[in-house]
Amino acid sequence: MTVKQGDLRLLETELARRLLASAELARVAYVAKDGTPRVFPVMFHWTGTEFVFGTFAGSAKIAALRSRPAVAITIDTPGPPPEVLLLRGNAEVTDAEGIIPEYASAHHRYYGPEQGARNIADVERSGRRMVRIGLTPDWVGTLDFVTRFPGALS
């Protein structure tokens, strides 16, 4: 039996596991303070249950996510055929002291241990404050354009 779109068990699929461990950028969609939609690319860390990224204090998306926490996220490959992981849920925004561990982990995964360490050291020296944004998905979808298609073709 095929697991339906929206089912959290899709996080256990090989496609989801591979994309969550990849160095593909995620794209996060949210509603800005002025009511218009926004999408931004982000490096992320998957804890096994939570999608996490860091941003710097003062970013406009922080207030927007606090007032309207609903987000949609996609992590995808260009293909062909493309592979897509879709996540939805409410973001939890938390002020942090120093560098959040997930931000450091993401830099190491995306840039490798040496460059990742240099990147984190540069941020630490800057003294910039961080904000942790986490999402425990409440809806998950996958598309591989071989066995799972968007819309009515699924």
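Residues numbered from 1 in each chain as written. Predicted model: local features only at pLDDT ≥ 70, side-chain atom pairs only at ≥ 80, totals over all residues. Heavy atoms only, no water.

Its place among the elements puts Arg148 in the segment after strand S8 (139-143). For the buried Arg148, no salt bridge exists, and the shortest N-O distance to an oppositely charged side chain is 6.6 Å, to Asp144. (Helix = DSSP H or I, 4+ residues; strand = E, 2+ residues; numbered from the N terminus. Buried < 20%, exposed > 50% of the residue type's maximum accessible area, 1.4 Å probe, protein only. Lys, Arg positive; Asp, Glu negative; His and termini not counted. Salt bridge = Lys/Arg side-chain N within 4 Å of Asp/Glu carboxyl O.)

Attention now goes to the pairing of strand S7 (residues 130-135). Every regular strand shows the same layout, with side chains that alternate between the two sheet faces. Across the six residues of S7, six count as buried, placing the element largely inside the fold. A two-sided burial pattern is seen for S7, the buried positions comprising Met130, Arg132 and Gly134 on one face and Val131, Ile133 and Leu135 on the other. Two elements, strand S4 (residues 51-56) and S7, share six bridges in a ladder whose sense is antiparallel. Across the sheet, the residue bridging to Thr55 is Val131, located in S7. Here strand S6 (residues 84-96) runs beside S7; their pairing, made up of six bridges, is antiparallel. (Pairing = 2+ DSSP bridges.)

Let us now look at the environment of Met130. Within the secondary structure layout, Met130 lies in strand S7. C-alpha of Met130 to C-alpha of Thr94: the two residues are 36 residues apart in sequence and 8.9 Å apart in space. Non-local contacts of Met130, meaning those with residues more than four positions away in its chain, are made with Gly54, Thr55, Phe56, Ala57, Asp95, Ala96, Gly98, Ile99, Ile100 and Tyr103. (Contact = heavy atoms within 4.5 Å.)

This brings us to the packing of aromatic side chains. If you walk through the whole model with that rule in mind, you get seven aromatic pairs. Geometrically, the ring pair formed by Tyr30 and Phe40 is edge-to-face, given 5.7 Å between the ring centres and 75° between the ring planes. Here Tyr30, found in strand S1 (residues 26-31), pairs with Phe40, found in strand S2 (residues 37-42); they are ten residues apart in sequence, far enough to count as distant. Both residues of the pair, Tyr30 and Phe40, count as buried. Taking relative accessible area as the criterion, Phe40 reaches 13% and is therefore assigned buried. Grouped by ring-pair contacts, the aromatic residues Tyr30, Phe40, Phe44, Phe51, Phe53 and Tyr110 constitute a single cluster. Over the ring of Phe56 we find Arg128, and its NZ or CZ is 3.9 Å from the ring centre. (Phe/Tyr/Trp six-rings, centres within 6.5 Å; stacked < 30°, edge-to-face > 60°. Lys NZ or Arg CZ within 6 Å of the ring centre and 35° of its normal.)

Judged by nonpolar contacts, the single largest core of 33 residues is most densely connected at Val28, Phe51, Val71, Ile73, Ile75, Leu85 and Leu87. Contact partners of Phe51, with chain neighbours within four places excluded, come to Ala26, Val28, Val42, Phe44, His45, Trp46, Ile73, Ile75, Leu87, Ile133, Gly134 and Leu135. Counting residues in each nonpolar core, the second largest holds ten residues, with Ile100, Tyr103, Ile120 and Val123 among its members. (Core = buried A, V, L, I, M, F, W, Y, C linked by side-chain atoms within 4.5 Å.)

Distances and angles like these do not, on their own, reveal function.
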